[in-house]
Amino acid sequence: MDFSIIQYSKFMTLLDMLLHNLRTLHMSLEESLKWLGEVMAEIGPSYSQRNEEWNIFDIKQANAIVDYLKVSLFQHYKLYEFLFYSTREEIVIGSEQVIEVVKSVGHPFPDPLEEGMAFDIYSTFVEPPPTLDMEMKGLHQEQGSEESHPDASISETDPLVGFTIEDIKSVLGQVIDDILIGIQTEINEKLQIQEEAFNARIEKLKKA
């Protein structure tokens, strides 16, 4: 429309005020149309000498402004009300993940990658086993605990004191004989049961 700088300023102020009335003052469509009519009467064409200095738009420009506001704002007034008033569910388009990073404590392996190795996985599968120094320290502790109780081992008496080698051999021979006799008896009983079962099957086959 070849507006001047002042006309551009007035037009943008008018548009901003309409959006302000809708967003902040919650004006309805009828109230916004009434307000626009009152404002255009002040800045639009007028035949009164009193308002001549405020008449910055002619009739053609004023009609063009009204047509533009009709198709851009008033035609979609419900959409603007929904945009400014209605609460909408926030759509999550990203998430933040915290990755634990294990600090180095002198291990030969480097720190796990920040890209996704948790501490429990690192300690279970990557962390090196205890070093030889730790094993030796544990062995020394066990030996120290054994040495701290020498009286307990000394006080234990040998249960074979008073028996000769011949006595021990005789006792072991009796125990072995008893075990073998029991095993042989059990085997004979099982063989006898199986023999009886086979004989019964043979008799059934003969009768058939």
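Residues numbered from 1 in each chain as written. Predicted model: local features only at pLDDT ≥ 70, side-chain atom pairs only at ≥ 80, totals over all residues. Heavy atoms only, no water.

Right, let's get into helix α2 (residues 29-43). Along its 15 residues, α2 runs 21 Å from first to last C-alpha, staying within 8% of the 21 Å computed at 1.5 Å per residue. Along its buried surface, α2 packs onto α1 (5-23), α3 (59-72) and α4 (77-85). (Helix = DSSP H or I, 4+ residues; strand = E, 2+ residues; numbered from the N terminus. Expected span 1.5 Å × (residues − 1). Contact = heavy atoms within 4.5 Å.)

Across all of its chains, the model carries six aromatic pairs by this definition. Note that Arg23 overlies the ring of Phe84, its terminal NZ or CZ placed 5.4 Å from the centroid. (Phe/Tyr/Trp six-rings, centres within 6.5 Å; stacked < 30°, edge-to-face > 60°. Lys NZ or Arg CZ within 6 Å of the ring centre and 35° of its normal.)

This part is about the nonpolar core. Leu14, Ile65, Leu69 and Phe74 are the most contacted members of the largest nonpolar core, which has 20 residues in total. Dropping the residues within four chain positions of it, Ile65 is found in contact with Phe3, Phe11, Leu14 and Phe57. (Core = buried A, V, L, I, M, F, W, Y, C linked by side-chain atoms within 4.5 Å. Buried < 20%, exposed > 50% of the residue type's maximum accessible area, 1.4 Å probe, protein only.)

A positive phi angle, close to 55°, is found at Asp2, a residue other than glycine. Position of Asp2 among the secondary structure elements: in the segment before α1. Unusually for a residue other than glycine, His26 sits at a positive phi of about 55°. With respect to the helices and strands, His26 occurs in the loop between α1 and α2.

Note that side chains of opposite charge can pair when their charged atoms are close. Overall, the coordinates contain two salt bridges when judged by the stated rule. A salt bridge links Glu81 to Lys78, with the shortest nitrogen-to-oxygen separation between them at 3.9 Å. Placement of both Glu81 and Lys78 in helix α4 is noted, with a separation of three residues, approximately one turn of the helix. Classification of Lys78 as exposed rests on a relative accessible area of 68%. Note that Lys190 is salt-bridged to Glu186, the shortest N-O span being 3.5 Å. Of this pair, Lys190 and Glu186 both sit in helix α8 (residues 165-207), four residues apart, which is roughly one turn of that helix. Using a relative accessible area of 49% as the deciding quantity, one classes Lys190 as partly exposed. (Salt bridge = Lys/Arg side-chain N within 4 Å of Asp/Glu carboxyl O.)

Taken together, Phe163, Ile168, Val171, Leu172, Val175, Ile176, Ile179, Leu180, Ile183, Ile187 and Leu191 make up a surface patch of nonpolar side chains, about 1,000 Å² in accessible area. Position of Ile187 relative to the elements: it lies in helix α8. The partly exposed category is assigned to Ile187, whose relative accessible area is 44%. (Patch = residues over 30% accessible without salt bridge, like charges linked within 9 Å, V, L, I, M, F, W, Y side chains within 5 Å. Areas by Shrake-Rupley, 256 points an atom, 1.4 Å probe, with all protein chains shown as cover.)

Here the focus is the packing of α1 against α3. It is the contact of α1 with α3, at a shortest axis distance of 12 Å, that shows an interaxial angle of 30°. Pair α1 / α3 crosses with right-handed handedness. Residue-level inspection shows Gln7, Phe11, Leu14, Leu15 and Leu18 of α1 in contact with α3, the latter providing Gln61, Ile65, Tyr68 and Leu69. Split into classes, the residues belonging to the contact of α1 with α3 amount to seven nonpolar, two polar and no charged. (Axes fitted to C-alpha atoms, helices over the stretch in contact; angles between N-to-C directions. Left-handed = near helix turned anticlockwise from the far one by under 90°. Nonpolar A, V, L, I, M, F, W, Y, C, P; charged D, E, K, R; others polar.)

Attention now goes to the side chain of Gln61. Note that Gln61 resides in helix α3. Residue class for Gln61 comes out buried when judged on its relative accessible area of 10%. If near-sequence neighbours (up to four positions away) are discounted, Gln61 is found in contact with Met1, Phe3, Gln7 and Ile56.

Let us look at the packing of α1 against α4. Close contact between α1 and α4 brings their axes to 10 Å; oriented N to C, the two are set at 60°. As the angle between them shows, α1 and α4 are arranged oblique. Crossing handedness for the pair α1 and α4: right-handed. Judged by residue contacts, Leu19, Leu22 and Arg23 of α1 engage Tyr77, Tyr80, Glu81, Phe84 and Tyr85 from α4. Classifying every residue of the contact of α1 with α4 gives six nonpolar, no polar and two charged. (Parallel < 35°, antiparallel > 145°, perpendicular 65-115°, else oblique.)

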